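What follows is the residue order along each chain.
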Amino acid sequence: MRAVVIHRPGDYSKLTIETRPDPRPEPHEVLLRTRACGVNYADCIVRMGLYSSAREYVGWPITPGFEVSATVEAVGSAVRGHAVGDEVVAVTRFGGYATRLCVDAAQVFKPAAGWSDAESAGFPAVFLTAYYALRELANAREGEAILVHSCAGGVGTALAQLGRAFGCTVVGVVGNRAKIPVAYANGAHHVIARDEGDWASRARAIAPKGYAIALDANGVDTLRSSYDLLAAPGRLVVYGFATMLPRGGDGRPRWGKLAMDWLRTPRFNPLDLTTRNRSVLALNLSYMFDERALLERSMRALMALAAAGSVRPPPVREFAFDDVRDAHRAIESGTTVGKLVLRVR
Ligand SMILES: NC(=O)c1ccc[n+]([C@@H]2O[C@H](COP(=O)([O-])OP(=O)(O)OC[C@H]3O[C@@H](n4cnc5c(N)ncnc54)[C@H](OP(=O)(O)O)[C@@H]3O)[C@@H](O)[C@H]2O)c1
């Protein structure tokens, strides 16, 4: 089998492809032959050496990747419910950028009917993130106004689709006007482009009473404004800090900027939170793989929404497996929309 392997953190050249013996499944695992691997912005943070759970669970070398679509090639002796030849989608705590891999059977699911390999591979990570943020954490309710940053990206399109499916009014914010149609096509009711001027004032004008929920993975550049835009009661969901990292360039973090942005990141005062009826919630799904009941419940709910046509795949851009460096360069440009996927065959 072939796998993308990163031996040391750094730029795109650290993504190397190696050939290794095929893995053999443990009793509770299935052996998968990968058809496509989802690419997530978090994979780039792993490559940069800044992803804490990658350091804690794996270290170096590491194969990134949180999701694949695949064919089952062998099943462990204790596995029930999966058979050789099944087409599946699987979530992985790293290791997904590989042409064959073993995965715990509890992390393997039936894909949505009629979706392509690439669409299935790009589904779990962003939709599980969006579902957990909106449903489990923020408890989004019908009629609520929600503010979704990076609304044309992977998680952003999933949030917009789920927000609309839950009956919320979705206001999307995107980095530039070229992304506006994608945000609308994925369910946003209003879309604001940051390159067209003061985004926060326009967001305020759309929801003068404030937002019940704001979902922010930008971090320092938008977090304070997202908090200020909340209604009372209101929930700010923090799930990333992308603006701390270089947009484009050679793929290496800038340590001075990281330090300055860490200092500039807003701190929220419990007295203020209480008085103003605001909550700050946060998540990192990569620490939650052992929450089997949550994973199963969330995937079941998402697959039901997919079967009902309430959610569908965001636009997918495919890269050949060997062009993994181009895929990382693309998502770090900050200009991509929807999902990026590595095509294995
Ligand atoms: N906590 C979790 O469990 C979890 C799970 C999944 C994803 N995430 C986070 O969610 C965010 C979105 O992930 P994704 O995989 O769906 O990616 P994505 O949204 O498809 O792409 C990243 C987007 O972030 C925005 N951005 C802001 N600063 C950036 C920078 N310096 N470089 C590149 N892009 C920048 C850009 O959108 P605009 O310019 O349009 O805003 C860009 O298109 C990431 O921050 C990721 O780390 C967190």
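Counting secondary structure elements, the protein chain contains twelve helices and 15 strands. Against the compact-globule benchmark of 20 Å for 345 residues, the protein chain has a radius of gyration of 20 Å, which places it among compact chains. The principal-axis extents of the C-alpha atoms in the protein chain amount to approximately 55 × 45 × 40 Å. When each of the 345 residues of the protein chain is scored for burial, the buried share is 55%. Put simply, of all contacts in the protein chain between residues at least 6 apart along the chain, 69% involve residues at least 24 apart. Accessible surface, the protein chain: about 14400 Å² in total, of which carbon and sulfur atoms supply 52%. Each charge class in the protein chain was averaged separately, 42 positive and 34 negative side chains, and the resulting centres sit 3 Å apart.

The next point concerns the packing of aromatic side chains. Applying the stated criterion to the full structure yields eight aromatic pairs. Taking the centre distance of 6.2 Å and the plane angle of 85 degrees together, the rings of Y51 and F94 count as edge-to-face. Here Y51 is found in the loop between α1 (41–48) and α2 (52–57), whereas its partner F94 is found in the loop between β5 (87–91) and β6 (100–104), with 43 residues between them in sequence. With respect to class, Y51 is no different from F94; both count as buried. Ring plane angle 40 degrees and centroid distance 4.6 Å describe the contact between Y227 and F268, whose orientation is recorded as tilted. Here Y227, found in helix α8 (residues 223–228), pairs with F268, found in the loop between α9 (255–264) and α10 (270–275); they are 41 residues apart in sequence, far enough to count as distant. Residue class for Y227 comes out buried when judged on its relative accessible area of 1%. Counting every residue linked through ring pairs, the aromatic cluster contains Y51, F66 and F94.

Moving on, we get to the domain arrangement of the protein chain. Splitting the protein chain by domain gives domain 1 (2–123 + 313–343) and domain 2 (125–286). Summarising the inter-unit geometry, the C-alpha centres of domain 1 and domain 2 are found 26 Å apart. Contacts between the two partners involve 29 residues from domain 1 and, on the opposite side, 26 residues from domain 2. Counting each side, the surface lost to burial between domain 1 and domain 2 is near 2000 Å², with a carbon and sulfur contribution of 59%. Ranking the residues of domain 1 by area buried against domain 2 places M48, L50 and F123 at the top, with a combined share of 21%. Our count for the domain 1 to domain 2 interface comes out at zero salt bridges. At the boundary of domain 1 with domain 2, the tally comes to eleven residue pairs in polar contact (both at pLDDT 80 or more). Put simply, the parts of the chain that give the side of domain 1 that touches domain 2 at least two residues each are α1 and α2. When residues of the side of domain 1 that touches domain 2 are assigned to their parent elements, the largest contribution, four residues, is made by α1. Within the side of domain 1 that touches domain 2, the residues separate by chemical class into 14 nonpolar, nine polar and six charged.

Interhelical geometry of α1 versus helix α12 (residues 324–332) gives an angle of 110 degrees and a closest axis separation of 9 Å. Between α1 and α12, the interaxial angle falls into the category roughly perpendicular. For the pair α1 and α12, the contacting residues are Y41, D43, C44, R47 and M48 in the first and H328, I331 and E332 in the second. Partitioned by chemical class, the residues of the contact of α1 with α12 number four nonpolar, one polar and three charged.

Conventions we followed
Residues numbered from 1 in each chain as written. Predicted model: local features only at pLDDT ≥ 70, side-chain atom pairs only at ≥ 80, totals over all residues. Heavy atoms only, no water. Helix = DSSP H or I, 4+ residues; strand = E, 2+ residues; numbered from the N terminus. Rg over C-alpha atoms; globule rule 2.2 N^0.38 Å. Buried < 20%, exposed > 50% of the residue type's maximum accessible area, 1.4 Å probe, protein only. Contact = heavy atoms within 4.5 Å. Areas by Shrake-Rupley, 256 points an atom, 1.4 Å probe, with all protein chains shown as cover. Lys, Arg positive; Asp, Glu negative; His and termini not counted. Charge placed at Lys NZ, Arg CZ, Asp CG, Glu CD. Phe/Tyr/Trp six-rings, centres within 6.5 Å; stacked < 30°, edge-to-face > 60°. Domains from an automatic or database assignment. Buried area = accessible area lost by both parts, 1.4 Å probe. Salt bridge = Lys/Arg side-chain N within 4 Å of Asp/Glu carboxyl O. Polar contact = N/O pair within 3.5 Å; in protein donor to acceptor, adjacent residues only side chain to side chain. Nonpolar A, V, L, I, M, F, W, Y, C, P; charged D, E, K, R; others polar. Axes fitted to C-alpha atoms, helices over the stretch in contact; angles between N-to-C directions. Parallel < 35°, antiparallel > 145°, perpendicular 65-115°, else oblique.

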